[in-house]
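# Per-entry structural report
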Amino acid sequence: MDFTTQNLTDLFANLAARMAGERDALCALDGLIGDADHGIAMEQGMQAAAAAVPNLATLQDQFNAAAKAFLNAVGASSGPLYATAFMRAAKTAGPRAAMPGAETPSLITAMAEGIAHRGKAEPGQKTMIDAWHPASEAAKSGATWPEILRAAQSGANATAQMQASLGRAARLGERSLGHKDPGAVSACMIIEEFAKVLS
């Protein structure tokens, strides 16, 4: 089954609704190791992205519009990271109105590589990359969408045992132990919404 511009419009609407629903939980999680604003940033970013993508002719146009809208809406660190992720996805999706469903896991790899490049993060530093990287590796290996999601969730769960070495949480040192990284948790939510639409 092809993944169409209408599917992507629906996906961003789902992401906006999901982040609105999860906003308070993400802020509470972020409050343990950060500024307690991650849920607000993700809600605002996805609402803006969802408003920007309808009625555009190609998947590439949609992802690029989402990137610009997310960046304009979010001043926090997640703004440039997800803007870069969506721009990489745009390049992978290409100037077409649909892409074969079998190719869609490549969007996760593109997004993960964009986030890693922009954030200069590596796995093990207690960041969203700890969810995105294993999801990307699973996607590259030909995994199914449920397997990609499980890889992301396993990575996010592992951040509870990590001491943060990048970003604001790094200031806490050992006090960052025992709490999952909010960026990794929200990454799983994003990947889950992709999986729902694409699997």
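Described in the following lines is the structure provided in the data block. It should be emphasised that the depicted structure is a prediction, and the values quoted were computed from it without experimental measurement. In every chain, residue numbers begin from 1 and rise along the written sequence. Per-residue local features are limited, in this predicted model, to residues with pLDDT of at least 70; the limit for side-chain atom pairs, both in listing and counting, is 80 or more; totals at the level of whole chains, interfaces and linings are taken over all residues. To obtain the side-chain values, all non-hydrogen atoms of the structure were used and water was disregarded.

### Regarding the pattern of salt bridges
Where we set the bar: Any Lys or Arg side-chain nitrogen located within 4 Å of an Asp or Glu carboxyl oxygen qualifies as a salt bridge. Secondary structure follows DSSP: runs of H or I at least 4 residues long count as helices, runs of E at least 2 residues long count as strands, and numbering of each begins at the N terminus. Here the term buried applies to any residue with accessible area under 20% of the maximum for its type, exposed to any over 50%, and partly exposed to those in between, with areas from a 1.4 Å probe on protein chains only.
One pass over the full model with this rule turns up 8 salt bridges. Between E22 and R18 there is a salt bridge, and its shortest N-O distance comes to 3.0 Å. In this pair, E22 and R18 both sit in helix 1 (residues 5–33), 4 residues apart, roughly one turn of the helix. A residue is classified by how much of its surface remains accessible, and E22, at 21% relative accessible area, is partly exposed. Overall, the relative accessible area of 18% leaves R18 in the buried class. Here the salt bridges do not stand alone but share partners, grouping R18, E22, E192, E193 and K196 into one network.

### Notes on the state of the cysteines
Stated precisely, the cut-off is as follows: Cysteine sulfur pairs qualify as disulfides if the two atoms are within 2.5 Å.
Taken as a whole and judged by the stated rule, the model has 0 disulfides. No disulfide involves C27; its sulfur sits 17 Å from the nearest other cysteine sulfur, which is in C188. On the basis of relative accessible area, C27 is assigned to the buried category, the value being 12%. A relative accessible area of 8% places C188 in the buried class.

### Description of helix 4 (residues 78–93)
Spelled out, the test is: In a helix, the anticipated span is given by 1.5 Å times the number of residues less one.
Here helix 4 is 16 residues long and its end C-alpha atoms lie 22 Å apart, about the 22 Å a rise of 1.5 Å per residue gives. Among all positions of helix 4, only S78, G79, L81, Y82, A83, T84, A85, F86, A89, A90 and A93 are buried. With its phi angle positive at about 80°, G94 sits one or two positions after the end of helix 4.

### Considerations on the nonpolar core
Definition in use: Residues belong to one nonpolar core when they are buried, are Ala, Val, Leu, Ile, Met, Phe, Trp, Tyr or Cys, and are joined through side-chain atoms within 4.5 Å. In what follows, a contact means two residues having at least one pair of non-hydrogen atoms within 4.5 Å.
With 60 residues, the main nonpolar core has F12, M46, F63, Y82, F86, W132 and F194 as its most contacted residues. Among the elements that make up this core, the one with the highest residue count is helix 8 (residues 182–198) (10 residues). Apart from residues lying up to four places away in sequence, F63 is in contact with L8, F12, F86, A89, A90, A93, L107 and F194.

### As for the packing of helix 2 (residues 38–52) against helix 4
For the record, the criterion: In this analysis an axis means a line fitted to C-alpha atoms, helices contributing only their contacting stretch, and an angle means the value between N-to-C directions, from 0 to 180 degrees. In these notes the angle categories are as follows: under 35 degrees is roughly parallel, over 145 is roughly antiparallel, 65 to 115 is roughly perpendicular, and the rest is oblique. When the near helix sits turned anticlockwise from the far one by under a right angle, the crossing is termed left-handed; a clockwise turn instead gives a right-handed crossing. Classes in brief: Ala, Val, Leu, Ile, Met, Phe, Trp, Tyr, Cys and Pro nonpolar; Asp, Glu, Lys and Arg charged; the others, Gly included, polar.
Remark: helix 2 packs on helix 4, axes separated minimally by 10 Å, with the N-to-C direction vectors making an angle of 40°. Looking at the two axes, helix 2 sits oblique to helix 4. Crossing of helix 2 against helix 4: the hand is right-handed. Between helix 2, through H38, A41, M42 and M46, and helix 4, the contact on the second element is made entirely by S78, Y82 and F86. Considering only residue class, the contact of helix 2 with helix 4 consists of 5 nonpolar, 2 polar and no charged.

Geometric descriptors of this kind do not, in isolation, establish any biological role.
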